[in-house]
2 protein chains.
Amino acid sequence: MEKDVAIVGVGMSKFGELWDKSLRDITLEAGMYAIFDAEVRGKDIDGIVIGNMSAGRFTGQEHLGTLAVDMGGLGNIPAYSVEAACASGGAAVRQAYMAIKSGEHDVMLVLGSEKMSDVNQSEAMNTVSVASDWEWEGMFGATFPALYAFMARRHMMEYGTTEEQLSLVTVKNHKNAQWNPWAQFQRPVPLEVVMNSGLVADPIRVLHSSPVTDGAAGLIMCSAERAKEFTDTPVWIVASEQASDTLALHDRRDITTMDAVVKSTRSALREAGLKIGDIDVFELHDSFTIGEIILTEDIGLIEKGKGGKLVEEGMTEIDGKYPVNPSGGLKARGHPVGATGVAQIVELVLQLRGDAEKRQVDGAEKALAVNIGGTGGTSIVHILGR
Amino acid sequence: MEKDVAIVGVGMSKFGELWDKSLRDITLEAGMYAIFDAEVRGKDIDGIVIGNMSAGRFTGQEHLGTLAVDMGGLGNIPAYSVEAACASGGAAVRQAYMAIKSGEHDVMLVLGSEKMSDVNQSEAMNTVSVASDWEWEGMFGATFPALYAFMARRHMMEYGTTEEQLSLVTVKNHKNAQWNPWAQFQRPVPLEVVMNSGLVADPIRVLHSSPVTDGAAGLIMCSAERAKEFTDTPVWIVASEQASDTLALHDRRDITTMDAVVKSTRSALREAGLKIGDIDVFELHDSFTIGEIILTEDIGLIEKGKGGKLVEEGMTEIDGKYPVNPSGGLKARGHPVGATGVAQIVELVLQLRGDAEKRQVDGAEKALAVNIGGTGGTSIVHILGR
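In this text, all values refer to a predicted model and were calculated from it rather than measured experimentally.

Q: Now, about the overall build of chain A: what can you tell me, with residues and values included?
A: Counting secondary structure elements, chain A contains 14 helices and 11 strands. Taking 386 residues into account, the globule formula puts the C-alpha radius of gyration at 21 Å, and chain A, at 19 Å, falls close to it. Its C-alpha atoms give chain A principal-axis dimensions of roughly 55 × 45 × 40 Å. Looking at chain A as a whole, 66% of its 386 residues qualify as buried. Relative to all contacts within chain A whose residues are 6 or more apart in sequence, the contacts with residues 24 or more apart total 77%.

Q: How would you explain the pairing of strand E1 (residues 5-12) of chain B if you had to name every residue and give the values?
A: Residue and element names in this part refer to chain B. Across the eight residues of E1, eight count as buried, placing the element largely inside the fold. Where E1 meets strand E8 (residues 235-244), two bridges bridge the pair, whose relative direction is antiparallel. Its bridge partner lying in E8, Ala6 is registered against Trp236.

Q: I'd like a description of the domain arrangement of chain A, backed by residues and values.
A: Residue and element names in this part refer to chain A. By domain assignment, chain A separates into domain 1 (5-120 + 213-234) and domain 2 (128-210 + 236-385). For domain 1 and domain 2, the distance between their C-alpha centroids amounts to 23 Å. Of the residues lining the interface, 39 residues belong to domain 1; the matching set on domain 2 comes to 33 residues. If you list the elements that add at least two residues to the side of domain 1 that touches domain 2, you get strand E1 (5-12), helix H4 (88-101), strand E4 (107-115) and strand E7 (214-223). Considered class by class, the residues forming the side of domain 1 that touches domain 2 number 22 nonpolar, 13 polar and four charged.

Q: Any chance you could break down the packing of helix H6 (residues 144-159) of chain A against helix H11 (residues 289-298) of chain A for me, citing the residues and the numbers?
A: All names here are of chain A. Remark: H6 packs on H11, axes separated minimally by 9 Å, with the N-to-C direction vectors making an angle of 55°. The pairing of H6 with H11 is recorded here as oblique in orientation. Helix-helix and strand crossings are classified by hand; for H6 and H11 the assignment is left-handed. Contacts between H6 and H11 pair Tyr148, Met151, Ala152 and His155 from the former with Ile290, Gly291 and Ile294 from the latter.

What counts, and at which threshold
- Residues numbered from 1 in each chain as written.
- Chains lettered and ligands numbered in written order.
- Predicted model: local features only at pLDDT ≥ 70, side-chain atom pairs only at ≥ 80, totals over all residues.
- Helix = DSSP H or I, 4+ residues; strand = E, 2+ residues; numbered from the N terminus.
- Rg over C-alpha atoms; globule rule 2.2 N^0.38 Å.
- Buried ≥ 20, exposed ≤ 12 C-beta atoms within 10 Å, placed from the backbone.
- Contact = placed C-beta atoms within 7 Å.
- Pairing = 2+ DSSP bridges.
- Domains from an automatic or database assignment.
- Nonpolar A, V, L, I, M, F, W, Y, C, P; charged D, E, K, R; others polar.
- Axes fitted to C-alpha atoms, helices over the stretch in contact; angles between N-to-C directions.
- Parallel < 35°, antiparallel > 145°, perpendicular 65-115°, else oblique.
- Left-handed = near helix turned anticlockwise from the far one by under 90°.

Put into structure tokens, the structure is as follows:
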């Protein structure tokens, strides 16, 4: 297989509450690891794209593209910062994909980064709320746990999804994360602990929710012509698609389905000439566990309403038919909002290379990532292949 | 002339302190005028790029790409939000240029928008400071007037630039803005009023500084194949280039020159196969008037140190040899940070079409815009031609 754009290097900072590191520290760390992994030289890199949601509010620093060039000592190369709420990382990957495909860039460093723990938890929650429809949701107190609680409650009512199923997603993702050295929570949690954790917004509990996380992830992406210089085993971007939906949840025709996910996944599969059953491993945006359940339905792994069953039957385990979030997902790897979409791609590249160690999905050849902004206002889908 | 990417529609909201309008009102206004101007239908538009610096801090709203799709009633098309400090607008134009050139998009709505007056002036100043190196400049009180004051004082010391020359830029730009119906300040100011206005950071006075502004600007950009559907007189993007410099001013080899401007302008002229003398009209980033003086030097209109003379001799007037900022520039049109780079392109499209009315540069066929982020950490240069 050869496509227009390849990924030839990946890097991550540790994810967690990193009190002793700044936004620039973690961004540099992820970028340097990606550069080392690809064995590119600084002078080979001709541009940077960085995904970030709200560094202006979290840390007082914007203009992150230039910051990254400056800190990397990369001279005068252009740099672009992109934002699409929690899909900012996926947007950075797609922007770099288009920049390389256009011929304007050949070898790019793609970063995702967010430092969320420099503000208190209440301010962190407010800052994340700027991704909702502020005038009609956030301002009235409808934070993301509340919005996802509407979706979960409706899914339970219409399809009989249970609190146990919401909790089993957590159990699976924590189990996977124990084998991911970059994950924020590298330990399993028993079902009863999840089921009895504090209620945030009924029926969503603390352990159904992704945490506040500091972290960064990086990729080296390049044109097909340049890929051979750096590796014999590039991972190819087989499809890159994006779609939008209404910003506010209450404007949707159905709050148990994300239309943007349905459309962007269909487009991506069509572009790749694949069926969903051809994909070997998935990273799906589980900012809340109901999100993973909805996404397994919306990408077509199972009919609408049966996503809860899928996890209950073990189908989404690493050794199941459809392995979802072998990295631990947003729930257990952590969710530094601007970094998540890039971290999903890092995980899938490792899976396709066969370098995912104890969390490896055997013989994975095709992989799919869904990165969501807000409650589904943005969906970005990438299909990778080796 | 035919190039890869054309501009077939332009639109603006009024610039000013718009107390009765929200971020979404002005964004929609600029977008709708661009759509009307191009006479495209909503279903022709297959993507949105929006330049914005800090809506999260100014208004509590991020995720603006999706907001724009939603408000425009444009269905599920993808949308990208980009940030490069005060060069966010120029970055949006360049992102759309690459997206169209890559073949991933055909007809795009490009927006720049910022609503700055919803916070008080002190908070507005703090928010703009997130574009500086926060840890080494902003946090220590080095706001943008202070940073540009260093540049101005050094330029005065090395080259004999005078306070009168700094002030003559203001006089020229206010004179031009009286003929620009969208400008924030549609009135001339006499030299002595500028020279006696309050000191902000010696030698920079209030009337050497761009104001806090609400405003939005929009473009319809499309591929060469589609351009013919919409107009017989497209304006072409002849070159699009970008470069970076250190984020902090104190790390530069010379604070009287912006290396990123020098490099991106040279690349753009090379790409276009033009000399700077071939350009008929310029929009140059005058967030402070010393900026316009430095830029006239750095793009090569005159040798380093003589930029003050250029304005003094009337060379940059609308009927001068090198007309600079016929729109009134950031100083008098206003500077809604994320909108500015798009508004520069709107002005140049009108100039090349011959639609700039009383501020028209006679017979303009080639135009150049320089959009700056911070103190020159980002420079984005576009050359347009008809």
